Amino acid sequence: MQLESKVPAGPLTEKWDKHRAEMKLVNPANKRKFRVIVVGTGLAGASASASLAELGYDVDAFCYQDSARRAHSIAAQGGINAAKNYPNDGDSVWRLFYDTIKGGDYRSREANVYRLAQVSNHIIDQCTAQGVPFAREYGGLLDNRSFGGAQVSRTFYARGQTGQQLLLGAYQALMRQVHLGKVSIYPRSEMLDVVLENGRAVGIVTRNLMTGEVRSWAADAVVLATGGYGNAFYLSTNAKGCNVTAAYRAYKRGAGFANPCFTQIHPTCIPVSGDHQSKLTLMSESLRNDGRVWVSKTTGDKRAPGDIPDDERDYYLERRYPSFGNLVPRDVASRAAKQVCDEGRGVGSSGLGVYLDFRDSINRVGEDGIRQRYGNLFHMYEKITAENPYQVPMRIYPAVHYTMGGVWVDYNLMTTIPGLYAIGEANFSDHGANRLGASALMQGLADGYFVLPYTIGDYIAQAGPSGAKSTDAAFTDVESEVNERTRKLLTRKGKRTPDSFHKELGKIMWDECGMSRNAEGLKQAIQRIPELREEFWESVRVTGAREELNQTLEKAGRVADFLEFGELMCRDALQREESCGGHFREEFQSEEGEALRDDEKFAHASVWEFKGDGAEPALHKEELEFENVTLTTRSYK
């Protein structure tokens, strides 16, 4: 496997403009001769499909939901970052770039991050033109609020529904192209493999989730916009359907997978209430603008929060990080919450929770002011917990959220397989070891609207048509493999459900590869996961038939992939002997409990190559070069 980042030469601020000027183009009339497959219709996939079709390409878009509007992007609440500096508080493209590099604990590629900051302003203009109802301040300009890891207000928002409103904007653009006949959408279709011919990605194989039909699709390029793999932990803030299958099958076909252990724990989630739960609910990071995080100073204090006077409260984020206070990055806030809970100062019946208190903000701006900013979020919290957050503090605790790792891509967003691209959360490129809040929506739309449409044209202009047909031997061979996997699953007539295995895997992953990791625990996980995988194939029970709607079969296939991928995550975490961002190795921390990086040995992306079932994967390294920022100890104090 050759890792060529293809970062353009020249000054950082000029790389993207220079690259765009030098890329090869496809004649407008010729674009109609090429077909692109886009897997996923979230913000990255919908924006890419609409943009490519607008340029003239024919696009086949696939999603496993019943509508493109139901992609998990709708769940994003708090906002989207851009460097417009509307509040005139000192923001700039450079500051957004630097905050993102620092927030990722210096484990991301400089050139990609700077490009992201550059195009961020165009995203806001694009979405406003589409009619996205961003909040506005009294003068009519778009409003901004603050998010973790920044000392400026650069986050644009639509109350607590930003992801949904942005996706509706992209969906409108997408459906316009459907109406014009340039995009064909295939809902309830799950990609189960990618097809290569002469080393080039030429299509995919899908299963129709309603009828069970397995079918091949040919194209000149394939784009994965399939989101992240947080559900490897079973309990996460992700939608239940989110999975790793598309990305993992690409990995097994030869695509490098980068930094799989870089997973994000979000600090403001509703705490687990019992073993019955199948997912967790996120409360937006935007709430930390006005909410203050605290616990009692006394161990085991079970008094009601209103009975604990101020001088007996520990506003621990404000105490430990006076410069950023409650708006420290997510990994920092999450570890701090775990620490106070481990000390026995957690709240709620489980002791796994801290307070997010709006008392002072309500006193300052009034209940109506808070309701205007966060009303739907407060309503959602009350519906789930039966507690009124205007009257009592919210209870929150960290939970698995985003994944910074993903399929390795070069500067053009192409994987190690020619013609196969990965965009949005499916790739690894922009967030390093920790993503700053409100940057996921930014990256997904940047990739789909403003990066991929340029870079895929450069590839197609040079590679030309694939010439592939869905009846070719390459497709029939992969179809046979997909059918054999399905047959094997359907013949499993054990006594355990796929969900029971998923839950057991999730507990292993959370305990040993979750908010903190250590060598002993990771080695135990690497030993235990293959045993659980073997037990899965012996004891799982998959009911139903192939040629029908069969959700048990869907789950079983996804859990089978998680049972392989979880081991890769633990291997990656074990070999990275440092703490950085969301990857916290207990052996590598300061006396104050802060992460200790090892820039001499680990300033690289760890890229794994599949070497066959049962064989250990090979590790490759993309060394990260920092020519424009100085590697320093990340401090938010």
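These numbers come from a predicted model, not from an experiment.

Caption draft 1: Region of interest: the pairing of strand E14 (residues 354-357). By the alternation rule, side chains of E14 split into Val354 and Leu356 and Tyr355 and Asp357, which are all buried. In this structure, strand E12 (residues 292-296) lies alongside E14, joined through three bridges in antiparallel fashion. When the bridges of E14 are listed, Trp294 appears paired with Tyr355.

Caption draft 2: Seen up close, the side chain of Arg335. If you trace the backbone, Arg335 turns up in helix H9 (residues 330-342). In this structure the side chain of Arg335 is engaged in a polar contact, spanning 2.8 Å, whose partner is the backbone oxygen of Gly581. Excluding residues within four positions of it along the chain, Arg335 makes contact with Met515, Gly581, Phe584, Ala595 and Arg634.

Caption draft 3: Spotlight on the domain arrangement of the chain. Under the domain assignment used here, the chain contains domain 1 (12-262 + 404-463), domain 2 (266-399) and domain 3 (473-597). Taken over C-alpha atoms, the centre of domain 1 sits 25 Å from the centre of domain 3. In this assembly, 48 residues from domain 1 lie in contact with 45 residues from domain 3. A buried area of about 3,900 Å², summed over both sides, lies between domain 1 and domain 3, and 59% of it is on carbon and sulfur atoms. Contact with domain 3 buries surface across domain 1, with Phe233, Tyr234 and Cys261 losing the most and accounting together for 18% of the total. On inspection of domain 1 and its partner domain 3, the count reaches seven salt bridges.

Caption draft 4: Summary view of the side chain of Thr415. Along the chain, Thr415 turns up in the loop between strand E16 (406-407) and strand E17 (420-422). With relative accessibility at 5%, the residue Thr415 sits in the buried group. At 3.1 Å, the side chain of Thr415 forms a polar contact with the backbone nitrogen of Ile417. Excluding its chain neighbours within four sequence positions, the residues that come into contact with Thr415 are Ala255, Val407, Trp408, Val409, Leu420, Tyr421 and Ala422.

Caption draft 5: Here's a closer look at unusual backbone geometry. A positive phi is found at Asp105, a non-glycine position, where the angle reads about 55°. Mapped onto the elements, Asp105 comes out in the loop between helix H4 (93-103) and helix H5 (110-129). Judged by its relative accessible area of 2%, Asp105 falls in the buried class. One non-glycine residue, Arg159, lies in positive phi territory at about 50°. The residue Arg159 is located in the loop between strand E4 (155-156) and helix H6 (162-179) in this model.

Caption draft 6: Representation of helix H10 (residues 359-385) within the structure. Spanning 27 residues, H10 covers only 18 Å between terminal C-alpha atoms, well under the ideal 39 Å at 1.5 Å per step. Turning to H10, its buried residues number three or more, namely Ser361, Ile362, Gly369, Ile370, Tyr374, Gly375, Leu377, Phe378, Tyr381 and Thr385. Residues of H10 that are buried in the fold lie against strand E15 (394-403). In the segment just after H10, Ala386 is the residue with positive phi, at about 65°.

Caption draft 7: Broad picture of the sheet that holds strand E7 (residues 200-208). Read from one edge to the other, the open sheet built from three strands follows the order E6-E7-E8, with strand pairing classed as antiparallel. Each edge of the open sheet carries a strand with a single partner, namely strand E6 (189-197) and strand E8 (214-218). Taking the axes of each pair of neighbouring strands and ignoring which way they run, one obtains an average angle of 25° across the sheet. Relative to E7, E6 is paired through eight bridges, and the arrangement is antiparallel.

Caption draft 8: Spotlight on empty space enclosed by the protein. In the structure shown here, the tally under the stated rule is four cavities of 30 Å³ or more. Volume-wise, the largest cavity comes out at about 60 Å³. Lining the largest cavity we find 13 residues, and of these Gly227, Gly228, Tyr229, Val244 and Ala247 sit closest to its centre. At the level of secondary structure, the elements contributing two or more residues to the lining of the largest cavity comprise helix H7 (245-252) and E16. Here the lining of the largest cavity is built from residues that sort into seven nonpolar, five polar and one charged.

Caption draft 9: Molecular detail of the packing of aromatic side chains. Applying the stated criterion across every chain yields a total of 30 aromatic pairs. Pairing Tyr229 with Phe565 gives two aromatic rings, centres 4.7 Å apart and planes at 75°, and the pair type is edge-to-face. Placement of Tyr229 in the loop between strand E9 (221-224) and H7 and of Phe565 in helix H15 (residues 551-575) is noted, with a sequence separation of 336 residues between them. Residue classification places Tyr229 among the buried residues on the basis of a relative accessible area of 3%. Overall, the relative accessible area of 0% leaves Phe565 in the buried class. Between the aromatic rings of Phe358 and Tyr374, the centroid separation amounts to 6.2 Å while the plane-to-plane angle is 55°, which identifies the pairing as tilted. With a gap of 16 residues between them, Phe358 in the loop between E14 and H10 and Tyr374 in helix H10 connect regions that are remote in the sequence. Following the ring pairs from residue to residue traces out a cluster consisting of Tyr229, Tyr248, Tyr251, Phe257, Phe565 and Phe610.

Thresholds applied
Residues numbered from 1 in each chain as written. Predicted model: local features only at pLDDT ≥ 70, side-chain atom pairs only at ≥ 80, totals over all residues. Heavy atoms only, no water. Buried < 20%, exposed > 50% of the residue type's maximum accessible area, 1.4 Å probe, protein only. Helix = DSSP H or I, 4+ residues; strand = E, 2+ residues; numbered from the N terminus. Pairing = 2+ DSSP bridges. Polar contact = N/O pair within 3.5 Å; in protein donor to acceptor, adjacent residues only side chain to side chain. Contact = heavy atoms within 4.5 Å. Domains from an automatic or database assignment. Buried area = accessible area lost by both parts, 1.4 Å probe. Salt bridge = Lys/Arg side-chain N within 4 Å of Asp/Glu carboxyl O. Expected span 1.5 Å × (residues − 1). Axes fitted to C-alpha atoms, helices over the stretch in contact; angles between N-to-C directions. 1 Å grid on protein atoms, 1.4 Å probe; cavity = no way out; pocket = protein on both sides within 12 Å on 5 of 7 lines; lining within 4 Å. Points joined across faces, edges and corners; volume = space filled by probe spheres on them. Nonpolar A, V, L, I, M, F, W, Y, C, P; charged D, E, K, R; others polar. Phe/Tyr/Trp six-rings, centres within 6.5 Å; stacked < 30°, edge-to-face > 60°.

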